[in-house]
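Understanding the architecture of this molecule
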Amino acid sequence: MNKKVLSIVLGIVVLLIWVKVFSKIFDQFGDDEYATVEAPSMDIIDLSKYIKRDTIPTLKLDYRDPFLGKAYQPRKVNNSPQNKNVNKTPPKSNNHRNSENLVEKWPQINYHGFVKVIGSKQGTVLLKVGGKMHKIREGEVINDELIISKAYRDSIVIVRNEEAKTFYK
């Protein structure tokens, strides 16, 4: 009989603890009038009445730069009127351009990841080129123009027309 009474008392204590826990949880989500706190209104004070402009010290910026080891030297701005009037006409452009000077625009490339199987030398790369997803390996060609030169965990090197670019995640 003694074990039965002890079990009932402990069951009631455990039940009261759980009721207290759930009441704490539900009280956080309930709307309570006392939970709203209004911020005090703050007036804007005009400090120009108290501090005169002449009393504020100016900054001295002629100290040595701790990283470069050089002293600060302000840049001189040349505002002479003769520089403003020089060369108002735009420079003439060449109408005939060499095909070598034209630079083709690279397509939009997003590097999404690199998967390497243990024991293999090459990994698989996930790329999004021009809005289309590609799953390729090093050395393969995309769209007959992009060659995957080297793939790393955080970046990829792509060659196009002997121009190499690195793309990061």
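Worth saying up front: this structure is predicted, and the values here are computed from it rather than measured. The residue numbering used here restarts from 1 in each chain and proceeds along that chain's sequence as written. With the structure being a predicted model, the display of local features is reserved for residues of pLDDT at least 70 and the display and counting of side-chain atom pairs for 80 or more, all residues being used for whole-chain, interface and lining totals. Heavy atoms throughout the structure, all of them, feed into the side-chain values; hydrogens and water do not.

Next up on the list: the overall build of the chain. By the criteria applied, helices consist of DSSP H or I runs no shorter than four residues and strands consist of E runs no shorter than two, each listed in order from the N terminus. Looking only at helices and strands, one finds 2 helices and 7 strands in the chain. For the chain, the proportion of its 169 residues judged to be buried stands at 14%. Counting contacts in the chain only where the partners sit at least 6 residues apart, residues at least 24 apart contribute 24% of the total. Surface exposure here means Shrake-Rupley accessible area, sampled with a 1.4 Å probe, where a residue is shielded only by the protein chains that are shown. Counting every atom, the chain has about 16800 Å² of accessible surface; 55% of that belongs to carbon and sulfur. Exposure classes here rest on a 1.4 Å probe applied to the protein chains alone. A residue is buried below 20% of its type maximum, exposed above 50%, and partly exposed in between. Between two residues, a contact is recorded if the distance between any of their heavy atoms is within 4.5 Å.

Right, let's get into the pattern of salt bridges. In the sections that follow, a salt bridge refers to a side-chain nitrogen of Lys or Arg positioned within 4 Å of a carboxyl oxygen of Asp or Glu. According to the stated counting rule, one finds 1 salt bridge in the structure shown. A salt bridge links Arg 160 to Glu 145; the nearest nitrogen and oxygen atoms lie 3.2 Å apart. You can see Arg 160 sitting in strand β6 (residues 155–160) and its partner Glu 145 sitting in the loop between β4 (141–142) and β5 (146–151), a full 15 residues away along the chain. Of the residues examined, Arg 160 reaches a relative accessible area of 6% and is grouped as buried.

With that out of the way, let us pick up the confidence of the model for the chain. Mean pLDDT for the chain: 76, with 70% of residues reaching 70 or above. Known as pLDDT, the predictor's confidence for each residue is given on a scale from 0 to 100. Model confidence for the chain, summarised as mean pLDDT per element, is weakest for helix α2 (residues 81–84) at 50 and strongest for helix α1 (residues 2–29) at 91.

Ile 109, Leu 127, Ile 142, Leu 146, Ile 148, Ile 156 and Ile 158 are the most contacted members of the largest nonpolar core, which has 14 residues in total. Sorting the residues of this core by element identifies β1 (109–115), β2 (124–129), β5 and β6 as the ones contributing at least two each. Setting aside residues no more than four positions away along its own chain, Ile 156 makes contact with Tyr 111, Val 125, Leu 127, Ile 148, Lys 150, Ala 151, Lys 165, Thr 166 and Phe 167. By nonpolar core we mean a set of buried residues, namely Ala, Val, Leu, Ile, Met, Phe, Trp, Tyr and Cys, connected to one another through side-chain atoms within 4.5 Å.

As a further point, take the sheet that holds β5. Strand pairing is assigned whenever DSSP identifies at least 2 bridges connecting the two strands. Pairing is antiparallel in the open sheet, where 4 strands are placed in the order β4-β5-β6-β7. Of all the strands in the sheet, just β4 and β7 (163–168) have a single pairing partner and so form its edges. Inspection of the sheet shows β6 paired to β7 by 6 bridges, in the antiparallel sense. Opposite Ser 155, over in β7, you have Tyr 168 as the bridge partner.

Turning our attention to a nonpolar patch on the surface. Like charges are joined within 9 Å and nonpolar side chains (Val, Leu, Ile, Met, Phe, Trp, Tyr) within 5 Å, but only among residues with over 30% relative accessible area and no salt bridge; these make up the patches. A surface patch of nonpolar side chains, amounting to about 1300 Å² of accessible area, comprises Met 1, Val 5, Val 9, Val 13, Val 14, Ile 17, Trp 18, Val 21, Phe 22, Ile 25, Phe 26 and Phe 29. Tracing the backbone through its elements, the reader meets Trp 18 in helix α1. Under the relative-accessibility criterion, Trp 18 is labelled partly exposed at 48%.

Bringing the sheet that holds β1 into the picture now. With antiparallel pairing, the 3 strands of this open sheet are ordered in space as β1-β2-β3. Strands at the two margins of the open sheet, each flanked by one partner only, are β1 and β3 (132–137). Averaged over neighbouring strand pairs, the angle between their axes works out to 20° when direction is ignored. In this sheet, β2 lies alongside β1 in antiparallel orientation, the contact comprising 6 bridges. Fitting a line to C-alpha atoms yields each axis, with helices limited to the stretch in contact; the angle taken between N-to-C directions then spans 0 to 180 degrees.

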